Amino acid sequence: MLPSGGKQGRYEAHLGNVLDTTRFTVPYIKSFDLVLNALDNIPARRRVNRLCLAAGTPLVEAGTTGYLGQVTVIDKASNVECYECKAKPTQKVYPICTIRSTPSQPVHTIVWAKELWKLLFGSKVEDSMLFEDDDIGKEEENEEERKTEDKEEEDKEEEKEKSTYMEQVTSLRTLLSTKTNDSKEQIHKATTTILHALYGLEIQKQINMDRYKSSKTLPTPITLEQIETSVKENGVAPSKQKTFVSTNVWSMEENIQEFISCVVDAYTLLQKHSDDESTTSPLVPEFDKDDDLSMRFVTCASNLRSIVFDIQPIQSYYGAKGIAGNIIPAIATTNAIVAGLQVLQVFHILKRQMELEETKGKEDKDKEKEDCKGGVAQDC
């Protein structure tokens, strides 16, 4: 609880996995007046639910799915339904931090690949959750420099947060809308550079920032040499081969070849109807699981990310299509409303806890008075 009397509260962050049974235990939960859940997976929610029940600590559980959201108070003393009293449907919405930095399931990498499709080919690059604006970051840091004298420390922070791939993304988007004699060759080269930035440099940056300090295994960046070797060995993408079957699982080399092939096909598509497209239209159509180009791209892009993070199983075109078609996009407004409802429930719980403490205090005093009148207490 926050200090009373107008004193400023203190927030203390604890980095770790809530499934860690050696750290997040019943005694640990008992040290709090209540718990708020803002977790991104069912196993973690179940764990906190059981800890709170065992500790007798009220839990404010919440979740969102698209435009839908709910907040539930779970309290053992009130004898209300807990999180596990009813079976939960398969999760379809995933937080940005999981998608961008800590994927652990094939569906996480497929959501990421769909965002990459928007980043490379969407009408507004900023619509993608993978979008990073270096200019905005610099403006914020320049403002911060005016408020502090520690310029050297801010320069380090700027270097740490600098995007590893947005410059390459901008260059590719420019090439896709330009028609020259050697455009395809340039696009091929630019795509190779982006592959290295996304699956190599960006991953290494996250490792250097200790993003995966609490992870069991570290991701393995794909090197530029591996990318270039894959391109040289066989230039034919698996989907373009006569032996292509939608249920086949592609190797890392084949996924790289498919990625490059998709970008080249996107360029070809653009050139066919460039005269009919306005500047505000998407570079290529929005993602559709029934669109062959976008589904091929999502399959290979997600598989490469799964390979980096050692996520199994690697998906076939057919498997990725089934997963991609069932994902509901997360909506920030819904999350904000549900978070507000959680806070309202916190007020109700804390108010009730204070009332119970006051009532108990009065009852204790009344009992003392009665004991005094009856001669039970010697020092009244």
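To start, this report covers the structure provided alongside it. Nothing here was measured: the structure is a model prediction, and the numbers come from that model. (Residues numbered from 1 in each chain as written. Predicted model: local features only at pLDDT ≥ 70, side-chain atom pairs only at ≥ 80, totals over all residues. Heavy atoms only, no water.)

### Remarks on the overall build of the protein
Consideration 1: Scanning the protein for helices and strands turns up 13 helices and 3 strands.
Consideration 2: Buried positions account for 37% of the 380 residues belonging to the protein.
Consideration 3: A sequence separation of at least 24 residues applies to 69% of the contacts in the protein between residues at least 6 apart.
Consideration 4: For the protein, the accessible surface area stands at approximately 23,200 Å², while carbon and sulfur atoms represent 51% of it. (Helix = DSSP H or I, 4+ residues; strand = E, 2+ residues; numbered from the N terminus. Buried < 20%, exposed > 50% of the residue type's maximum accessible area, 1.4 Å probe, protein only. Contact = heavy atoms within 4.5 Å. Areas by Shrake-Rupley, 256 points an atom, 1.4 Å probe, with all protein chains shown as cover.)

### Quick look at the pattern of salt bridges
Consideration 1: By the definition in use, this model includes 12 salt bridges.
Consideration 2: In this structure, E61 engages R45 in a salt bridge whose closest nitrogen and oxygen atoms are separated by 2.1 Å. Of this pair, E61 sits in strand β2 (residues 59-65) while R45 sits in helix α2 (residues 42-55), and the two are 16 residues apart along the sequence. The residues E61 and R45 share a single accessibility class, namely buried.
Consideration 3: As a salt-bridge pair, R100 and E132 come within 2.5 Å of each other at their nearest N and O atoms. Here the residue R100 occupies a position in helix α3 (residues 96-100), and E132 occupies one in the loop between α4 (106-121) and α5 (134-145), the gap between them amounting to 32 residues.
Consideration 4: Overlapping salt bridges, with partners in common, bring together K240, E258, D265, D292 and R296 in one network. (Salt bridge = Lys/Arg side-chain N within 4 Å of Asp/Glu carboxyl O.)

### Observations regarding α2
Residues spaced three or four apart along an α-helix point in a common direction, a consequence of the helix completing one turn every 3.6 residues.
Consideration 1: Here α2 spans 20 Å end to end across 14 residues, near enough to the 20 Å set by a 1.5 Å rise per residue.
Consideration 2: When we look at burial in α2, the residues that qualify are I42, A44, R45, V48, N49, L51, C52 and A55.
Consideration 3: In this structure N41 caps α2, since a side-chain oxygen of it lies 2.9 Å from the backbone nitrogen of A44.
Consideration 4: Backbone geometry just after α2 places G56 at a positive phi near 70°. (Expected span 1.5 Å × (residues − 1). Polar contact = N/O pair within 3.5 Å; in protein donor to acceptor, adjacent residues only side chain to side chain.)

### Re the sheet that holds β2
Consideration 1: Spatial strand order, β1-β2-β3: 3 strands in an open sheet with mixed pairing. Here the strands that pair on one side only, and so sit at the sheet edges, are β1 (35-36) and β3 (68-74).
Consideration 2: Sheet topology places β2 next to β3; 7 bridges connect them, and they run antiparallel. Along β3, the bridge assignment pairs A62 with V71. (Pairing = 2+ DSSP bridges.)

### A short note on the packing of α4 against helix α12 (residues 317-324)
Consideration 1: At their nearest, the axes of α4 and α12 sit 10 Å apart, and the two run at 80° to each other. As the angle between them shows, α4 and α12 are arranged roughly perpendicular. Together, P106, V107, I110 and K114 of α4 and A320, I323 and A324 of α12 make up the contact between the two elements.
Consideration 2: Taken together, the residues that form the contact of α4 with α12 break down as 6 nonpolar, no polar and 1 charged. (Axes fitted to C-alpha atoms, helices over the stretch in contact; angles between N-to-C directions. Parallel < 35°, antiparallel > 145°, perpendicular 65-115°, else oblique. Nonpolar A, V, L, I, M, F, W, Y, C, P; charged D, E, K, R; others polar.)

### So, the packing of aromatic side chains
Consideration 1: Considering all chains together, one arrives at 11 aromatic pairs under this definition.
Consideration 2: Look at F24 and Y28: their rings are 5.4 Å apart centre to centre, the planes differ by 85°, and that puts the pair in the edge-to-face class.
Consideration 3: Here F24 falls in the buried class, since its relative accessible area comes to 9%.
Consideration 4: Between Y28 and F32 the ring centres are 5.3 Å apart and the planes differ by 70°, which places this aromatic pair in the edge-to-face class.
Consideration 5: Of the residues examined, F32 reaches a relative accessible area of 37% and is grouped as partly exposed. (Phe/Tyr/Trp six-rings, centres within 6.5 Å; stacked < 30°, edge-to-face > 60°.)

### Observations regarding the nonpolar core
Consideration 1: Counting 58 residues, the largest nonpolar core has L116, L120, F121, Y199, F259 and F297 as its most contacted members.
Consideration 2: Counting residues per element, the ones that place at least two in this core are α4, α7 (166-176), α8 (183-208), α10 (252-272), α11 (292-308) and α12.
Consideration 3: Here L116 is in contact with L130, L198, Y199, F259, F297 and A301, once residues within four sequence places are set aside.
Consideration 4: Core analysis: the second largest hydrophobic core is formed by 13 residues, V18, I29, V48 and L51 among them. (Core = buried A, V, L, I, M, F, W, Y, C linked by side-chain atoms within 4.5 Å.)

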